[in-house]
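Single-letter residue listing:
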Amino acid sequence: MTPPSEVVATKPEEVRLDPRRQEKPLFVCFVFLLAIGCVALFSATSYRSQMEYQDLWTMWAGQFKGYGLGLLFFMVAYSASPRIWIQRSTCMTLAAVLVITLFLTKFTGLGIEKNQARRWLNLGFVVFQPSELAKFVMPAFLIYLTGAWRFQGAAGAPRSSQQLFLMIFAFVVLPLFLIVIQPDVGTTAVVGGLCLIPIVRSLKSSKWLISAFMAIAGLIYLTIYFTQQDRFTEFSERFLSLTHPEEVPQVYAGFQSIGSGGLFGKGLGEGAGKLGYLPSAFNDFIFAVYAEETGFVGVSVVVLLFGVMLWSGRRLWRSLEDPDLSLLAMVITLSITGQAAFNLMVNLALLPTKGIALPFFSHGSTGLAVFMGMTGVLRSEEHTSELQSHSDLVCRLLLEKK
């Protein structure tokens, strides 16, 4: 029996969650979303594949490159400690690869142009979209920067918050600039939002945060205006979907598909929207095709799965004692569920249309592989209980030496 002197009263909110208990619901949601997305993608690509390749399976089979690469990313991330992704050597290597590949995509013949945009890089043995890597690499790099400099006396620490601000600002601007001139405004907005999470952790003063946000937003706006004036007008018109969705063809077609699904849908493969009526039926508007074929019930299942993933991810990042690992789990969770919410809101005319794919559903091997790898990082958090207090230990040792 515990002596009275050793009994410590603990408030319910002070009890730390067990990170191992969040692993199962995260994995279950991931598996179900991947399976449902795989079936939905076949249905959404079948008509287009038949028209272009005279075969129902060609486009869907091409996505299996993404499934294979994603499985490899998942296993590597699952087997490795999540701390490796926010260490100096890994972060510097990934950041350098990201900048180089983005530069090659835009300014060399290795870049592939589709629909007036150069977003794909052809290296001969593989074709991929470097901007998708930025959704993980840039926030992880910023977590490393702000984590390493959080303690006074750490090697390479800046002497002032202004110096830290300038270094972070320089890293954020270059990749975002290379992405926005592809052009890819949607990915720029998503990556920029994810980068704000670790920046908020580092920059305590609100004036620096406001200055950074306004400066980056202003630079992106000027870049779009002076380099893409023909697309600037088109981009502005897309905001009509918020007030007059009937004047935006793809949104109106999406409405018709979603509304015709009813309670139980028309049945898998029976949707009409994908038969040339709905643009980007296998990518940006795959949710509309899925809603038409599975109805309110199918939509509720997918929304519930993403919701449970967000809920479990939140409990995971709250359960981790290491602030760097907690922030990494937060960024990954919000990257997956936030992009899913963005895509659904575009389909429902709650946000302007801008090429944001639905994770685990939309066609695109690079995005699928990156999201599967990020899920693997979340799963690996359960293996790092011995590292949860690592950063606090480093802090104490540095202060003692000082």
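Note that the structure is predicted; figures quoted are calculated from it, not measured.

Thresholds applied
Residues numbered from 1 in each chain as written. Predicted model: local features only at pLDDT ≥ 70, side-chain atom pairs only at ≥ 80, totals over all residues. Heavy atoms only, no water. Helix = DSSP H or I, 4+ residues; strand = E, 2+ residues; numbered from the N terminus. Buried < 20%, exposed > 50% of the residue type's maximum accessible area, 1.4 Å probe, protein only. Contact = heavy atoms within 4.5 Å. Areas by Shrake-Rupley, 256 points an atom, 1.4 Å probe, with all protein chains shown as cover. Salt bridge = Lys/Arg side-chain N within 4 Å of Asp/Glu carboxyl O. Phe/Tyr/Trp six-rings, centres within 6.5 Å; stacked < 30°, edge-to-face > 60°. Lys NZ or Arg CZ within 6 Å of the ring centre and 35° of its normal. Axes fitted to C-alpha atoms, helices over the stretch in contact; angles between N-to-C directions. Parallel < 35°, antiparallel > 145°, perpendicular 65-115°, else oblique. Nonpolar A, V, L, I, M, F, W, Y, C, P; charged D, E, K, R; others polar. Left-handed = near helix turned anticlockwise from the far one by under 90°. Bend = angle between axes of the 7 residues up to and from the residue. Expected span 1.5 Å × (residues − 1). Polar contact = N/O pair within 3.5 Å; in protein donor to acceptor, adjacent residues only side chain to side chain. pLDDT = per-residue confidence, 0-100. Core = buried A, V, L, I, M, F, W, Y, C linked by side-chain atoms within 4.5 Å. Pairing = 2+ DSSP bridges.

Trainee: Teacher, can you tell me more about the overall build of the protein here?
Mentor: For the protein, the helix and strand inventory stands at 15 helices and 3 strands. Among the 402 residues that make up the protein, the fraction classed as buried is 48%. Summarising the internal contacts of the protein: among those between residues at least 6 apart in sequence, 75% fall at separations of at least 24. When the accessible surface of the protein is summed, it comes to about 19700 Å², and 65% of that surface belongs to carbon and sulfur atoms.

Trainee: I would appreciate a short explanation of the pattern of salt bridges in the present structure.
Mentor: Per the stated rule, a full pass over the model turns up 6 salt bridges. Its salt-bridge partner being glutamate 292, residue lysine 266 comes within 2.9 Å of it at the nearest N-O pair. Here lysine 266 is found in the loop between helix H11 (249–259) and helix H12 (286–319), whereas its partner glutamate 292 is found in helix H12, with 26 residues between them in sequence. Note that lysine 274 is salt-bridged to glutamate 293, the shortest N-O span being 3.0 Å. Within this pair, whereas lysine 274 is found in the loop between H11 and H12, its partner glutamate 293 is found in helix H12, the two being separated by 19 residues in sequence. Across the pair, glutamate 293 and lysine 274 agree in class, each one buried.

Trainee: How should the packing of aromatic side chains be read in this particular structure?
Mentor: Between two aromatic rings, the relevant description is the distance of the centres plus the angle of the planes. This structure, assessed with the given rule, holds 15 aromatic pairs. Ring plane angle 75 degrees and centroid distance 6.0 Å describe the contact between tryptophan 85 and phenylalanine 136, whose orientation is recorded as edge-to-face. With a gap of 51 residues between them, tryptophan 85 in the loop between helix H3 (64–79) and helix H4 (88–107) and phenylalanine 136 in helix H5 (residues 130–148) connect regions that are remote in the sequence. Judged on exposure class, the residue tryptophan 85 and its partner phenylalanine 136 are both buried. Each member of the aromatic cluster is reached from another via a ring pair, and the members are Phe27, Phe30, Phe74, Tyr78, Phe360 and Phe371. We note lysine 114 situated over the ring of tryptophan 120; from NZ or CZ to the ring centre the distance is 5.1 Å. Sitting over the ring of phenylalanine 27, arginine 379 keeps its end group 4.4 Å from the ring centre.

Trainee: I would appreciate a short explanation of the packing of H11 against H12 in the present structure.
Mentor: When two helices pack together, their arrangement is given by the angle between their axes and by how far apart the axes lie. The contact between H11 and H12 brings their axes to 7 Å, and the two run at 25 degrees. Accordingly, the angle class assigned to the pair H11 and H12 is roughly parallel. On H12, the residues touching Gly254, Ser257 and Ile258 of H11 are Phe287, Ala288, Ala291 and Glu292. Considering only residue class, the contact of H11 with H12 consists of 4 nonpolar, 2 polar and 1 charged.

Trainee: What is the right way to look at the packing of helix H1 (residues 23–53) against H12 in this model?
Mentor: Direction vectors running N to C along H1 and H12 enclose 160 degrees, while the axes themselves pass 9 Å from each other. The angle between the axes of H1 and H12 places the two elements in the roughly antiparallel class. Here H1 runs over H12; the crossing is left-handed. Split by residue class, the contact of H1 with H12 holds 20 nonpolar, 3 polar and 1 charged.

Trainee: Can you help me understand H1 in this one?
Mentor: Three or four residues apart is the spacing at which side chains of an α-helix point the same way, because the helix has 3.6 residues per turn. Its maximal kink placed at threonine 45, H1 deviates by approximately 40 degrees. Glutamine 54 lies just past H1 and shows a positive phi near 55 degrees.

Trainee: For this particular structure, what's the right way to read helix H13 (residues 323–347)?
Mentor: Over its 25 residues, H13 extends 35 Å from the first C-alpha to the last, a length consistent with the 36 Å expected when each residue adds 1.5 Å. Of all 25 residues that make up H13, 18 are buried, and the element is covered over most of its length. N-cap assignment for H13: the residue whose side-chain oxygen lies 2.8 Å from the backbone N of aspartate 324 is aspartate 322. At the C-terminal side of H13, alanine 349 shows a positive phi close to 60 degrees.

Trainee: When you look at the confidence of the model for the protein in this model, what are you seeing that I'm missing?
Mentor: Do not read the predicted coordinates in detail wherever pLDDT is low. The share of residues in the protein with pLDDT of 70 or more is 75%, and the mean pLDDT across the chain is 80. Ranking the helices and strands of the protein by mean pLDDT puts H12 first, with 94, and helix H15 (residues 390–401) last, with 46. Every residue in residues 152–157 is under pLDDT 50, and counting partners more than four places away or in other chains gives 8 contacts. Counting interchain partners and residues more than four positions distant, the pLDDT-below-50 stretch residues 383–402 has 28 contacts.

Trainee: What is the right way to look at the nonpolar core in this model?
Mentor: Most often, soluble globular proteins keep nonpolar side chains buried together rather than apart. Residues Leu33, Phe306, Ile332, Leu358, Phe360 and Phe361 are the most contacted members of the largest nonpolar core, which totals 65 residues. It is H12 that contributes the most residues to this core, 13 residues altogether. Contacts of phenylalanine 360, omitting those with residues within four sequence positions, involve Phe30, Leu33, Leu34, Gly37, Cys38, Phe306, Ile336, Leu368, Phe371, Met372 and Thr375.

Trainee: Please explain the pairing of strand E2 (residues 117–122) as it appears in this structure.
Mentor: Both faces of the sheet carry side chains from a regular strand, because those side chains alternate between them. Relative to E2, strand E1 (residues 111–114) runs antiparallel, the two sharing 4 bridges. Each bridged residue has a counterpart across the sheet, and for glycine 111 the counterpart in E2 is leucine 121. Across 2 bridges, E2 lies against strand E3 (residues 127–128) in antiparallel orientation. Paired with leucine 121 across the strands is phenylalanine 128, a residue of E3. Count of turn residues in the E2/E3 antiparallel hairpin: 4 residues, of which glycine 124 carries a positive phi of about 90 degrees.

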